[in-house]
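Structural features, examined
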Amino acid sequence: MKRFELLEPNSIEEACRLLSQYGEEAKVIAGGTALVKLMKKRLVHPSYLVNMKGVKDLGFIREGKDRLTIGALATLREIEKSSLVRQRLQVVAEMVHTIGSVQIRNVGTLAGNLCFADPASDPAPILIALGANLKVVSLEGRRVLPLEEFFTDFYETALSRDEIVEEIQIPFLPRGSEAVYLKHTMRVAFDLAIVGVAVRLDMSSKDGVCMNSKIVLGGVGSTPVRAKKAEGLLKGKVLGDSLIPEVAVVASTEIDPIQDVRASAEYRREMIEVFVERGIKEALDRANGGAS
Amino acid sequence: MKRELQLKVNGEDYTLEVEPQRTLLEVIRNDLGLTGTKLGCGGGECGACTVMLDGKAVKSCLMLALDAKGKEIWTIEGLIRGEELHPLQRAFVERGAIQCGFCTPGMIMASKALLDENPHPSEQEIKDALAGNLCRCTGYVKILEAVLSVARAD
Amino acid sequence: MVDDCSAIGKRVPRIDGIEKATGTAKYLGDLKIAGMLYGKILRSPYPHAKILKVDPSKAEKVKGVRAVVTGKDTKGIRLCVIPHLGNKPPLAEDKVRFIGDEIAAVAADSEEIAEEALDLIEVEYEELPGVFDPFEAMKADAVKIHEGGNTAIHISRSYGDVEKALGESDHVFEDRFETQAQLHCCLEPHGCIVHLDRSGNLTVWITTQIPHPYRKMLADVLRMPLNKVRVVKVFMGGGFGGRFEMDPIEIIAYFLSKKTGRPVRIINTQDEQFTTGRTRYPMVIDIKTGVKKDGTILARDVKVVTDNGAYNSHGITITMGVGTKCTYLWSVPHVRYEADVVFTNKVYGGAFRGYGNPQITFAIESQMDMISEKLGMDVKDLCLKNANYGGQLTCMGHKVTSCGLKDCIDKAVEAIGWKEKRRKPGDRGVGIASLMHTGGGVRLLFGDCNLSDVFIKMNNDGTIDLSSGMAEIGQGSDTALAQIAAEELGVRVEDINVMTGDTWTTPQCLGAWGSRELFVAGNAVKMAAGEIRQKLVEEASRMLEARADDLIAKEQKVYVRGNPQKSVSIAQVAMTCYNRGRILAGRGCYDDPTTYIPDSKTGYGGVPTYAFGTHAIEVEVDRKTGEVKVLDFVAAHDVGKVINPMMAEGQIEGGGLQGLGYALSEGLVWEEGIVLNPNFQDYRIFYINDVPRIKSIMVESIDPDGPYGAKGLGEPGLVPTAAAVANAIYDAVGVRIKSLPMTPEKILRALKEKE
């Protein structure tokens, strides 16, 4: 790796100041698994690394009235094993389990994963479906930003130059709502998703009607994408056996998927259809109290 | 510019002078001469660089050495007690889980991290713990059997 | 005698296991030689270009840089494992021919400094159009990669009368199969430390499978006398055929060492391994087979186009070998074989476990499955009808001695549950494929010999020093040889010190390839140990006042047959010999008994014995995603005699998994000569969660010439796997995939086309 200076702020505000001071030449490092890899491949060469790990009290996983808040330095492994997460937002623990390997999860952070903004990021689709927000800090103060608006392009986010993520807020699912994350890969573990599908259904308790839904597709575009037309077709309907496949077909037409060495655009399109169908069925199954 | 780094490796305290861009793997191998931990891919994909950091398995090739300050690290060299092999080491040797041996230190350390946290894991739990460690020689069959044999022992 | 063994057939843990499990085994990157410098190589960013100028002057001025070399320094040298085919300069002279081609190199006090300096070497290129497909490269108007044209060789062989036989066939099957570039993916990247000292002695520490032939290659290329050249094979993190030749980095390191007088280390990064390391040769195989309606195979007409890559390596010999394999497994009386080995502007291939056999077996065994379906026969019966048996000659004149093929087929088929699972509705299916492969090396590459020379001495306390020029590359050969010596001499495996890999202290051996070490070196060990046993027994007969013929050496003593109390310990005998000035040393030099030199028609020499096997695989196919799950994998292998069951299983399990990767997911992907998947993330080799348990079945056919009846197992483990998977997929969902790897995308596309 090329030489750099390692800066160790004690507070998140100090970190923002350093980012502002050094501008283009500085990058934030948390767990470092993604950044160090890029630096070793000489794809990025920051002269300054702002090391967040010295900032205290950012590793929390807390329960609020209606949501979970996860600090920027909470590792993926801590989230995966947290009894709070497993009980209140099981789908998040399940999703985190599919990321990388234990060694990576022991060090990598959820905030880091989101800020890296890999188009195939696993947390992004499901957290968007859950309506997650990010609280970010800058020299101007704090703001809360919906995760759905966070990703702007391949590896790019809506963070301004001196902004740093402080916490991730994930609302609990209300009664009657369920969410699943399905990841299609070639190998069982370790792979990035060829297609990652998050489906959230908000079901009415009275008549089995789907009041609302979110279908979020990862790994198929430069950022996660909502299949809004497909969502529209589910709204207000009973999710019968003939509707679900139709909705899946519509979802697969809502985006021109990317093509890369892992899969062709055509295959990704076909997989969107397959996994949206499977995702809706599984979420419905869970909502009806079926085995998860 | 070099910075002071204090860390504990295999039970011994060290104070080193290290530049920020050096990885933990480089420092372990070159500064401390502990070459049991291997450089395989350098990109966190093969697991040959796995060590234990405060009890957790990590890929040392992706960790800045300075981030290990104040931490307790265990490498493969730290497992043997005098002349007594660790049960995992003995199991790997006796059950044919070693061929070229390059993946072995990483596999054993990842397995040890698992058994320290969960002394009697299931077969799937072992596979999940080793999911980030590559082996090209053995087909993993005997590696799994070796770790299972230790997991099932009292 | 064989059933009553102390060491043979036992699950002996490998003798270097503890070193490896404790992290004390030193691999190349772990070595620190005093004064060592670090080398880095500047590689071409273009797939095809003229080199107009190379200016290293700025790099030479960097503090800590000790030497820079370019094509001027290595001028005139051409590398290839077959010397007269050599066309690879260690550093480019006038042209570069693939992305990654070596152009210049720096030796410096650290890798960091060397890398910095590389950036300062100025190179002027004139880009040329590149050609990346062998069929394109064969066209008359294709850009020329080498002066002699783009076809490295055209091979044409014919046996019997193929046209007539095809005419007499009731059915003729014509199919095209395509295979991909598979990488060895050794966890340890390739590297070397080279030191030419000021007395003119050359020492090369290296990961090589062939220490002695490699020493000769070095001496020839560098024009040095052999006694000044020492090759030290260190612990190796994998081989699989990837270290079965000289690589440019060693010659480059030599010239850097020559300039500086210091040892120079060059180790590839994994990125360099993925983009510039040897690969299995991709092939396009057109196979035409004529059969009678009762299943008798009459003729086989095979055309192969091998993508040689940018330079010569093993491509020609492998392609010649593929020709012999057209009549290996199943007896085919009339064969015609045409092949072209063609240059392209991509990385060049090399040897890889199986040496061409995985490619042709994929074609042959897939087609056999297709033939059986058309004829309404069970493929197992079709195979058994045409199988070569012991004592037969193939139409190319190769003699089959021990042959356990029928047992392999029967046992594999039974273990997989053939009757219950074959041709059943649903998404699951079973398939089989068999193999025939060299079981003891071949007279091919290193002159008219296939030999191993072994020295053994018994120390005065009864322990043993065994010296052999073999190469332990992880397969366990050191341990197996120790077992053979222990059995012969009546001592324990731990009493034997095995010294291999250093050409200074070991006698000649051709090394680890062609699944030869156990057979050839094992026999040599038996011979050498036999000499010692004879002397031991003679001395013991004097000590015990018994006839030498009545004495047995076993369990660390020599005793009278039928009267084991009348005994003396081997240690005592050894000490007595020592005190009487009788040296207990033995030498065994074994050259395999095949008597013919490389056949002028096939280009291949005799093979002392053949290994056989059958893989039976059960899969489940997800019809919506095309994904294949391997539910069961049975590998039945004829190994002659199992010397160490634990290590034999290891070869089968490891080979089988490489075979599954070859079948389902591995393969370099190029675009305009650029490798698109140069890392473990996107070049998909399997991790622990992806793999089924592989059940090994050992069939012991007891070879008449192998040590204790053993024959080789290093390569067979992956030869038939891809075909077995393809046949299982067809059984499951009715689609025939003829190109590797059989990715979900390909399977899904085929399923959709079928609808």
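Just so we're clear, the structure is a prediction, and the values are computed from it rather than from any experiment.

This part covers the domain arrangement of chain B. Note: interface size is frequently given as the accessible area lost on complex formation between the parts. Residues and elements named next belong to chain B. Each assigned domain of chain B is listed here: domain 1 (3-78) and domain 2 (87-152). For domain 1 versus domain 2, the distance between C-alpha centres works out to 21 Å. Domain 1 puts 15 residues into the contact, and the matching count from domain 2 is 13 residues. Taken together, the elements giving at least two residues each to the side of domain 1 that touches domain 2 come down to strand E3 (50-53) and strand E4 (56-59). In terms of residues, the side of domain 1 that touches domain 2 owes the most to one element, E3, which gives three residues. When its residues are assigned to classes, the side of domain 1 that touches domain 2 shows seven nonpolar, six polar and two charged.

With that settled, consider helix H6 (residues 211-222) of chain C. Since one α-helical turn is 3.6 residues long, residues separated by three or four positions face the same way. Look at H6(C): 16 Å from first C-alpha to last across twelve residues, which is about the 16 Å you get at 1.5 Å a residue. Residues of H6(C) that are buried include every one of C:Pro211, C:His212, C:Pro213, C:Tyr214, C:Arg215, C:Met217 and C:Leu218, and no others.

Turning next to the sheet that holds strand E7 (residues 141-146) of chain A. All names here are of chain A. Judged by pairing direction, the sheet is antiparallel, and its five strands sit side by side in the order E4-E5-E10-E6-E7 without closing on themselves. Unpaired on one side and paired on the other, strand E4 (61-63) and E7 mark the two borders of the sheet. Averaged over all pairs of adjacent strands, the angle between strand axes in this sheet comes to 20 degrees, irrespective of strand direction. The pairing of strand E6 (residues 133-138) with E7 spans six bridges and is antiparallel. Among the inter-strand pairings, Val137 is bridged to a residue of E7, identified as Arg142.

The subject of this paragraph is helix H1 (residues 24-31) of chain B. Residue and element names in this part refer to chain B. All of the buried residues along H1 are Leu24, Leu25, Val27, Ile28 and Arg29. Along its buried surface, H1 packs onto strand E1 (3-9), strand E2 (12-18) and E3. Trailing H1 by a residue or two, Gly33 shows a phi angle of about 65 degrees, which is positive.

Residues and elements named next belong to chain C. Across the sheet, four strands lie side by side as E16-E24-E25-E28; this open sheet has mixed pairing. A strand with exactly one partner marks an edge of an open sheet, and here the two such strands are strand E16 (428-438) and strand E28 (694-699). Along the sheet, successive strands turn relative to each other by an average axial angle of 15 degrees, direction set aside. Sheet analysis places strand E24 (residues 610-621) next to strand E25 (residues 628-638), joined by ten bridges and oriented antiparallel. Looking across to E25, one finds that Ala616 is bridged to Val634. Helix H12 (residues 405-416) rests against E16, E24, E25 and E28 of the sheet, and its axis sits at about 20 degrees to E24. Those strands touched by helix H17 (residues 645-664) are E25 and E28, and its axis lies near 125 degrees from that of E28.

Listed per partner, the contact involves 15 residues of chain A and 16 residues of chain C. Ranked by residue count, the leading element in the side of chain A that touches chain C is helix H11 (residues 265-287) of chain A, at four residues. In terms of residue class, the side of chain A that touches chain C is built from ten nonpolar, two polar and three charged.

On the chain C side, the residues contacting the 40 residues of chain B number 46 residues. Elements with a minimum of two residues in the side of chain B that touches chain C: helix H2 (87-94), helix H3 (104-117) and helix H5 (141-152) of chain B. Per-element tally for the side of chain B that touches chain C: the top contributor is H2(B), with four residues. Split by residue class, the side of chain B that touches chain C holds 22 nonpolar, twelve polar and six charged.

This brings us to the domain arrangement of chain C. Residue and element names in this part refer to chain C. According to the domain assignment, chain C consists of domain 1 (2-24 + 451-591), domain 2 (34-128 + 188-237 + 243-276) and domain 3 (283-443 + 598-754). Placing a centre on the C-alpha atoms of domain 1 and another on those of domain 2 gives a separation of 40 Å. Across the boundary between the two partners, domain 1 contributes 14 residues, which contact 13 residues of domain 2. Of the residues belonging to the side of domain 1 that touches domain 2, the class tally is seven nonpolar, six polar and one charged.

Okay, the packing of helix H14 (residues 477-489) of chain C against helix H15 (residues 517-544) of chain C next. All names here are of chain C. Two elements in contact, H14 and H15, have axes separated by 9 Å at closest approach and are oriented at 30 degrees. By the angle between their directions, the pair H14 and H15 is classed as roughly parallel. Where H14 crosses over H15, the two elements pack in a sense that is right-handed. For the pair H14 and H15, contact is made by Ser477, Ala480, Leu481, Ile484, Ala485, Glu488 and Leu489 and by Glu517, Leu518, Ala521, Gly522, Val525, Lys526, Ala529, Gly530, Ile532 and Arg533, respectively. A breakdown of the residues in the contact of H14 with H15 according to their chemical character gives ten nonpolar, three polar and four charged.

The rules we used
Residues numbered from 1 in each chain as written. Chains lettered and ligands numbered in written order. Predicted model: local features only at pLDDT ≥ 70, side-chain atom pairs only at ≥ 80, totals over all residues. Domains from an automatic or database assignment. Contact = placed C-beta atoms within 7 Å. Helix = DSSP H or I, 4+ residues; strand = E, 2+ residues; numbered from the N terminus. Nonpolar A, V, L, I, M, F, W, Y, C, P; charged D, E, K, R; others polar. Expected span 1.5 Å × (residues − 1). Buried ≥ 20, exposed ≤ 12 C-beta atoms within 10 Å, placed from the backbone. Pairing = 2+ DSSP bridges. Axes fitted to C-alpha atoms, helices over the stretch in contact; angles between N-to-C directions. Parallel < 35°, antiparallel > 145°, perpendicular 65-115°, else oblique. Left-handed = near helix turned anticlockwise from the far one by under 90°.

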